Every structure is written in structure tokens, then in C-alpha cells.
Amino acid sequence: MVQLDAVSRRTLKAPISAVGRGLHSGADVRITLNPAKLNTGILFRRTDLGVEIQARFDNVTDTRLCTLLSVGEARIGTVEHLMAALAAAGIDDLIVDVDAPELPVFDGSAAPFLFLIESAGIVEHGGGRAVLDILRPVRVEQNGSFAELRPHRAGGAGLEVSLSIAFQARAIGTQAYHFHLSAKGFADEIARARTFTLRDEIEALRAAGLARGGSLGNAVVVDDEKIMNPEGLRYDDEFVRHKLLDVIGDLYLAGAPISGRFIGSRTGHGLNNQLLRAVFADPANYRLAVGAPDMPLQLTAA
């Protein structure tokens with residue numbers, strides 16, 4: 001492990017709780033974000049089962065419509081929005097209590113999680129913050145889609161994300177976005193982008209026992225050229241911004257913030273997870289260093 005200028009690890013100042021609906025179960029879910037001891041990492045604790053699940057890429061067991069972690073029979077799904085908020089806020093150590101097999105979806109974005117983090121407050125509590133430096137390009141592909149991590153160019157730092165998407169629905173079409181992860185940038189540009197679905201897929205999802213808690217209050221619904229939500233979109237390109245949000249959350253399952261460049265086309269939770277598995281499959285792909293550029297503690301989730 002390489003030693004850089006030390007930056008302390010971070011956790012919350014105080015616990016904070018909220019209740020929301022599970023996107024797929026439709027049931028009420030209670031979540032509590034708790035301060036954690038140094039080097040805990042991000043740990044999910046199923047309070048109804050007494051089981052702990054570490055937020056790591058190698059605990060991902062399902063990527064259909066969300067990122068789901070499991071240990072044995074215990075599982076916790078739809079973790080990507082919270083993980084994206086934690087990545088942006090620079091939270092290293094946290095225990096997430098949840099009494100159901102999925103996190104609440106809230107409004108379908110990461111903004112409510114940022115609000116909880118900001119309300120609880122952030123504190124540095126010692127130790128050195130680990131950073132995963134990408135040393136050489138790693139790429140995974142599937143059915144014309146791809147996800148790739150590359151080293152930074154000279155002088156680069158942090159996580160850069162370049163993403164493009166393409167849908168037949170005319171309201172979405174082809175969109176692209178480039179983003180350099182920071183707390184303020186995430187709050188301003190990415191956090192409020194909501195998950196979305198196509199109207200003609202909703203019945204099939206519900207027949208499969210999924211999306212039972214979905215509504216116009218927690219997802220953008222697209223009917224070809226029409227946006228079904230009365231309030232419309234939060235951004236003209238909300239769709240690619242949300243997919244980029246998912247990438248940030250999925251990549252934070254590396255167990256440390258990534259320093260490198262992500263480039264993806266039509267990627268999803270499955271390819272994002274395959275990419276992390278490919279990175280860690282060869283130690284020549286990465287270097288774990290202690291220390292990272294500082295990030296502001298104050299967030300603006302509005």
C-alpha cells in the first residue's frame with residue numbers, strides 16, 4: 001500500500017433515520033445511517049434478520065433493475081443511490097440499519113440520501129483514506145455495450161465519468177454526459193436525477209413481482225415521446241444523469257474511492273459490477289494508496 005499525504009477517513013456525526021417505500025416490494029422500509037468505527041467500511045445490517053452485509057462488489061449477487069448484495073439467504077437491494085451519495089460525500093465508515101430486503105426508493109434519486117447525510121453531519125475520525133488508483137485500462141463488453149476504467153492523464157485525480165446512453169423511446173433518444181466527481185458537483189448536477197422506466201414495461205415488471213412500489217412519485221415514466229410525470233423532467237438530460245449516478249454508486253462498491261477515468265456506453269448495473277471484478281482479477285490493474293484530495297464537508301442536497 002502506497003502512502004500519500006494523509007486524509008482522514010470520514011463517518012457521520014450522529015445517527016439519522018427515515019422511512020420510505022421499497023421500489024420492488026412496495027412495503028414501508030425503515031433505514032438508519034449510523035456512525036461507525038474506523039475501518040468499518042460501508043456495512044449494511046438487516047435488523048430484522050441480525051445479518052451484516054459488507055458493501056463490496058464481490059457481495060453483489062443480482063443486477064436486474066438494481067444492485068443487490070447478499071450473504072447466504074440475507075439480501076439488500078437498491079443500494080446504488082445511497083452508495084452514490086456516500087461516494088460524493090466522502091463517507092468511508094458507516095453502518096446502515098435496514099429492516100427489509102431493499103432500501104427505500106424515496107423519490108427515485110440520491111438527493112434524499114444527501115439530505116440525510118447533511119442533516120446528520122460529517123466528521124473526520126482518523127486513519128488514512130484509501131484510494132484505488134487505476135494503473136492500466138480494463139474493459140468489459142456485452143451486446144454492444146461497454147464499461148471501461150482507464151488511468152488518469154498526467155496531473156489527473158479523482159473519478160471522472162463519461163457516459164452515453166441510447167433508447168428507442170423518443171423522449172430519451174441518445175444522450176451523453178461527462179462529470180468529474182465532487183461533493184458540490186454531485187449535489188448540483190447529478191443527485192436529483194431520478195430512476196426511469198418505459199410505460200410498456202411496467203406490467204411485465206409487476207407480473208414478475210417487481211416495481212410494486214413504483215409510482216410517478218419515485219420514477220420517471222416514459223411513453224415513447226411523452227413524459228408521463230405531470231411535473232416533467234428535472235433536467236433535459238435527466239436520463240443519462242441518472243445512469244451516471246448509478247455508475248458512481250456501483251463503483252463505490254470497490255471498497256474505496258476510485259482515482260481514474262470511467263468511460264461507458266449503454267452500461268448498467270451488471271456491466272458496472274463485471275468491470276470491478278475484472279479490475280480486481282489482476283493486481284497489475286490497480287494500486288491501493290492511502291491519502292486522497294480533500295473534499296468539502298458541506299453538501300447542498302437541494
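Conventions adopted
Residues numbered from 1 in each chain as written. Predicted model: local features only at pLDDT ≥ 70, side-chain atom pairs only at ≥ 80, totals over all residues. Heavy atoms only, no water. Pairing = 2+ DSSP bridges. Helix = DSSP H or I, 4+ residues; strand = E, 2+ residues; numbered from the N terminus. Contact = heavy atoms within 4.5 Å. Axes fitted to C-alpha atoms, helices over the stretch in contact; angles between N-to-C directions. Buried < 20%, exposed > 50% of the residue type's maximum accessible area, 1.4 Å probe, protein only. Phe/Tyr/Trp six-rings, centres within 6.5 Å; stacked < 30°, edge-to-face > 60°. Salt bridge = Lys/Arg side-chain N within 4 Å of Asp/Glu carboxyl O. pLDDT = per-residue confidence, 0-100. Nonpolar A, V, L, I, M, F, W, Y, C, P; charged D, E, K, R; others polar.

Caption draft 1: Just the sheet that holds strand E17 (residues 196-198), in detail. Spatially, the 3 strands line up as an open sheet ordered E17-E18-E19, and their pairing is mixed. Each of the sheet's edge strands pairs with one partner strand only, and the pair in question is E17 and strand E19 (226-227). Sheet strands in contact with helix H5 (residues 238-251) are E17, strand E18 (220-223) and E19, and its direction is about 130 degrees off that of E18.

Caption draft 2: Layout of the side chain of Thr 78. Within the secondary structure, Thr 78 sits in the loop between strand E9 (74-76) and helix H1 (80-89). A residue is classified by how much of its surface remains accessible, and Thr 78, at 5% relative accessible area, is buried. When residues no more than four places from it in sequence are discounted, the contact partners of Thr 78 are His 24, Cys 66, Thr 67, Glu 102 and Leu 103.

Caption draft 3: Focus on the packing of aromatic side chains. The full count for this structure, using the stated rule, is 5 aromatic pairs. With a centroid separation of 4.7 Å and an interplanar angle of 10 degrees, the aromatic rings of Phe 57 and Phe 280 are classed as stacked. Here Phe 57, found in the loop between strand E6 (51-54) and strand E7 (60-62), pairs with Phe 280, found in helix H6 (residues 269-280); they are 223 residues apart in sequence, far enough to count as distant. Taking the relative accessible area as the measure of exposure, Phe 57 reaches 7% and is therefore buried.

Caption draft 4: Local environment of the pattern of salt bridges. Summed over all chains, the structure comprises 20 salt bridges. The partner of Arg 234 in a salt bridge is Asp 107, and the shortest N-O contact between them spans 3.0 Å. With a gap of 127 residues between them, Arg 234 in the loop between E19 and H5 and Asp 107 in the loop between strand E10 (94-98) and helix H2 (111-120) connect regions that are remote in the sequence. Overall, the relative accessible area of 28% leaves Arg 234 in the partly exposed class.

Caption draft 5: Broad picture of the confidence of the model for the protein chain. For the protein chain, mean pLDDT is 91; residues scoring 70 or higher make up 91% of the total. Of the regions scoring below 50 in pLDDT, residues 292-302 engages in 33 contacts with residues more than four places distant in sequence or in other chains.

Caption draft 6: Local environment of the pairing of strand E4 (residues 28-35). As judged from the 6 bridges shared by strand E3 (residues 16-21) and E4, these two strands associate in the antiparallel manner. Following the sheet pairing, Ile 16 is matched in E4 by Leu 33. Count of turn residues in the E3/E4 antiparallel hairpin: 6 residues, of which Gly 26 carries a positive phi of about 80 degrees.

Caption draft 7: Structural view of the sheet that holds E6. Pairing is mixed in the open sheet, where 5 strands are placed in the order E3-E4-E10-E5-E6. The sheet is open, and its two edges are formed by E3 and E6, each paired on a single side. The mean angle between the axes of side-by-side strands here comes to 25 degrees, regardless of whether they run parallel or antiparallel.

Caption draft 8: Seen up close, the environment of Arg 46. On the secondary structure map, Arg 46 appears in strand E5 (residues 42-46). Judged by relative accessible area, which is 7%, Arg 46 ranks as buried. Measuring from C-alpha to C-alpha, the distance between Arg 46 and Asp 99 comes to 5.6 Å, with 53 residues separating the pair along the chain. Each residue touching Arg 46, except ones within four places of it in the same chain, is listed here: Val 51, Arg 75, Ile 76, Val 98, Ala 100 and Pro 101.

Caption draft 9: A look at the packing of helix H3 (residues 183-190) against H5. At their nearest, the axes of H3 and H5 sit 11 Å apart, and the two run at 145 degrees to each other. Two secondary-structure elements touch here, H3 through Phe 186, Glu 189 and Ile 190 and H5 through Arg 241, Leu 244, Leu 245 and Ile 248. Looking at side-chain class alone, the contact of H3 with H5 contains 5 nonpolar, no polar and 2 charged residues.

Caption draft 10: Representation of unusual backbone geometry. A positive phi angle is found at Thr 78, which is not glycine, with a value near 55 degrees. Although it is not a glycine, Asp 224 sits at a positive phi angle of roughly 55 degrees. Take Asp 224: it is sitting in the loop between E18 and E19. Overall, the relative accessible area of 29% leaves Asp 224 in the partly exposed class.

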